[in-house]
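Examination of the molecular architecture
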Amino acid sequence: MTETATPSADPIVPPPTASISEAPFSAAYTRYAMLLLLAIYTINFLDRSIINILAEPIKNELKLADWQLGLMSGLAFALFYTVLGIPLAQLAERRNRPIIIGTSVAVWSGFTALSGATTNFVQLVLCRIGVGVGEAGCTPPAHSLIADYVPKEKRASALAFYSMGTPLGGLLGLVMGGLIADAYGWRVAFLVAGVPGLLFALLCFLTLREPRKILAAHSARVTAAQATFRETLSYLMKKKTFWLIALGAAIKAFIGYGHAPFTASFFLRVHSEEVARLASMFDLKSVGFMGLALGLMGGTAGIISSWLGGQIADRFAKTDLRGYVVVPAIASLIAVPIYIIAVSVPSASVALWILVINGLLGSLWYGPVYAIGQSIVPPHMRATTSAILLFVINLIGLGLGPTVVGIISDVMANGVGLGSAQGVRWALMISTCFGVLAFAFFWIARKTIREEMES
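The structure reproduced in this document is the subject of the present report. All values derive from a computational prediction rather than experimental measurement. (Residues numbered from 1 in each chain as written. Predicted model: local features only at pLDDT ≥ 70, side-chain atom pairs only at ≥ 80, totals over all residues. Heavy atoms only, no water.)

Within the protein chain one finds 21 helices and 0 strands. For 455 residues, the compact-globule estimate of 2.2 N^0.38 gives 23 Å, and the protein chain sits close to it at 21 Å. In terms of its C-alpha atoms, the protein chain occupies a principal-axis envelope of roughly 65 × 45 × 40 Å. Considering only contacts within the protein chain whose residues lie at least 6 apart along the sequence, 85% involve residues at least 24 apart. Entry remark: accessible area of the protein chain is about 17200 Å², with carbon and sulfur atoms responsible for 69%. Side chains of the protein chain give 32 positive and 23 negative charges; the mean places of these two sets differ by 4 Å. (Helix = DSSP H or I, 4+ residues; strand = E, 2+ residues; numbered from the N terminus. Rg over C-alpha atoms; globule rule 2.2 N^0.38 Å. Contact = heavy atoms within 4.5 Å. Areas by Shrake-Rupley, 256 points an atom, 1.4 Å probe, with all protein chains shown as cover. Lys, Arg positive; Asp, Glu negative; His and termini not counted. Charge placed at Lys NZ, Arg CZ, Asp CG, Glu CD.)

The description of an aromatic ring pair rests on the distance of the ring centres and on the angle between the ring planes. Under the counting rule described, the total for this entry stands at 13 aromatic pairs. Taking 5.8 Å as the distance between ring centres and 25° as the angle between the ring planes, the aromatic pair formed by phenylalanine 439 and tryptophan 443 counts as stacked. Of the two residues, phenylalanine 439 and tryptophan 443 are both situated in helix α20 (residues 435-444); the distance of 4 residues between them amounts to about one turn of the helix. Assessed through its relative accessible area of 22%, phenylalanine 439 is described here as partly exposed. An aromatic cluster of at least three residues, connected via ring pairs, comprises Tyr41, Phe45, Tyr162 and Tyr257. A cation over an aromatic ring shows up here: arginine 48 above the ring of tyrosine 81, its NZ or CZ 4.8 Å from the ring centre. (Phe/Tyr/Trp six-rings, centres within 6.5 Å; stacked < 30°, edge-to-face > 60°. Buried < 20%, exposed > 50% of the residue type's maximum accessible area, 1.4 Å probe, protein only. Lys NZ or Arg CZ within 6 Å of the ring centre and 35° of its normal.)

Among the surface-exposed residues, Trp67, Ile407, Val411, Val416, Leu418, Trp426 and Ile430 lie close enough to one another that they form a single nonpolar patch of about 610 Å² accessible area. Looking at the nonpolar patch, the elements with two or more residues in it are α18 (382-415) and α19 (419-432). Note on placement: isoleucine 407 falls in helix α18. A relative accessible area of 41% places isoleucine 407 in the partly exposed class. (Patch = residues over 30% accessible without salt bridge, like charges linked within 9 Å, V, L, I, M, F, W, Y side chains within 5 Å. Salt bridge = Lys/Arg side-chain N within 4 Å of Asp/Glu carboxyl O.)

In this structure, Ile40, Tyr149, Leu208, Tyr324 and Tyr370 are the most contacted members of the largest nonpolar core, which totals 72 residues. Of all the elements, helix α12 (residues 240-270) adds the most residues to this core, at 11 residues. Apart from residues lying up to four places away in sequence, leucine 208 is in contact with Tyr29, Ala33, Leu36, Leu37, Pro98, Leu145, Tyr149 and Leu203. If you look at the next biggest cluster of nonpolar residues, it comprises 61 residues, including Phe262, Phe289, Ile338 and Ala351. (Core = buried A, V, L, I, M, F, W, Y, C linked by side-chain atoms within 4.5 Å.)

Moving on: the environment of leucine 333. Following the sequence through the fold, leucine 333 ends up in helix α15 (residues 323-342). Using a relative accessible area of 37% as the deciding quantity, one classes leucine 333 as partly exposed. Here the alpha-carbon distance between leucine 333 and phenylalanine 434, two residues 101 residues apart in the chain, equals 9.6 Å.

Structural data, given as structure tokens:
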């Protein structure tokens with residue numbers, strides 16, 4: 001459908017589309033494609049999150065404030081990432097999605113490597129903007145591809161599998177970034193992080209298939225039913241469930257992204273002596289140890305959490321679609337007191353183990369939320385819907401989270417006079433309380449989800 005098409009009685013209601021009850025490719029190829037998309041998203045998040053473990057060395061060398069760390073790791077990246085995601089998703093509704101993804105991988109990997117050559121705050125911000133521009137073309141087309149690759153009843157599990165790239169990339173970013181920064185400096189860490197993406201871009205170009213070419217009947221109907229951004233947005237405006245889960249996920253992202261640049265800083269400031277002692281036991285420096293500890297412990301917990309979220313939601317949703325929102329709602333509420341305890345205990349090692357419990361709850365929302373985003377609209381609106389969902393999540397979560405937490409940290413440290421260590425601790429505790437709002441949004445969505453799910 002285009003804006004120049006003959007108008008119908010209700011242009012927002014989509015024409016009939018083919019129902020995809022089976023995967024378009026063999027089981028073996030589908031597994032390969034899912035693994036490649038997971039690897040690409042892992043690199044995506046590695047390049048996005050490596051700056052978190054490098055924040056303290058960068059802060060010290062470039063003499064930055066916490067609000068600058070937050071801006072650099074959050075808003076500078078998120079603004080272009082979220083805004084460009086929508087036009088690139090519109091392109092993905094009409095063009096070859098693997099080519100869009102492959103090009104995006106090459107762009108963000110190049111800017112990640114270039115970050116290591118920066119010498120001041122402005123240059124680093126510009127490179128982070130470049131990473132955001134590249135990464136904007138990854139997830140909306142990938143979500144749309146996955147929704148075509150797998151049957152509806154496996155959609156949450158498949159999207160949760162893809163979303164494992166978030167904690168896996170975070171794990172690799174923290175571990176690799178910390179160890180390389182300790183040994184060779186933070187600039188080399190950026191360079192090493194950017195190189196693998198070029199290989200995955202090539203694999204994407206050469207081996208990832210566009211299922212629209214296989215699903216000929218489906219492709220013909222999708223081509224005839226091209227929806228504009230305005231039509232997709234108008235269609236979504238009638239779906240209360242979509243906006244509730246978008247806001248719930250945005251709050252979860254606000255907390256997660258807001259904490260990410262300051263978690264290692266928290267341990268290095270509040271538990272500096274204990275961290276140095278623990279690091280010496282492994283013949284490491286403090287930054288390298290924190291990258292290893294946070295990456296392996298938190299990242300592993302996040303991977304398990306993401307996978308479990310999809311499995312649990314798919315199982316519950318077979319009998320009641322409300323399972324898609326009940327799972328993230330309960331997890332969001334329980335996580336609040338657990339995190340507060342973690343940053344309040346006097347022992348760094350105890351805090352790390354408590355954060356593992358928090359990590360097991362933190363990613364449960366990925367599969368259910370993204371499955372709703374792909375199931376609440378017809379196929380020809382999926383990539384754009386994913387981009388709109390990510391726009392809300394990342395503008396609030398990634399755009400505001402690190403910046404707001406950084407501002408709170410500076411206010412508590414300097415304005416209230418608590419000092420740098422206690423300032424970051426209170427910033428983390430205050431921001432985690434927003435999890436109650438996430439619980440509320442997910443829980444309210446129970447009222448409408450059964451009536452509004454589309455396909």
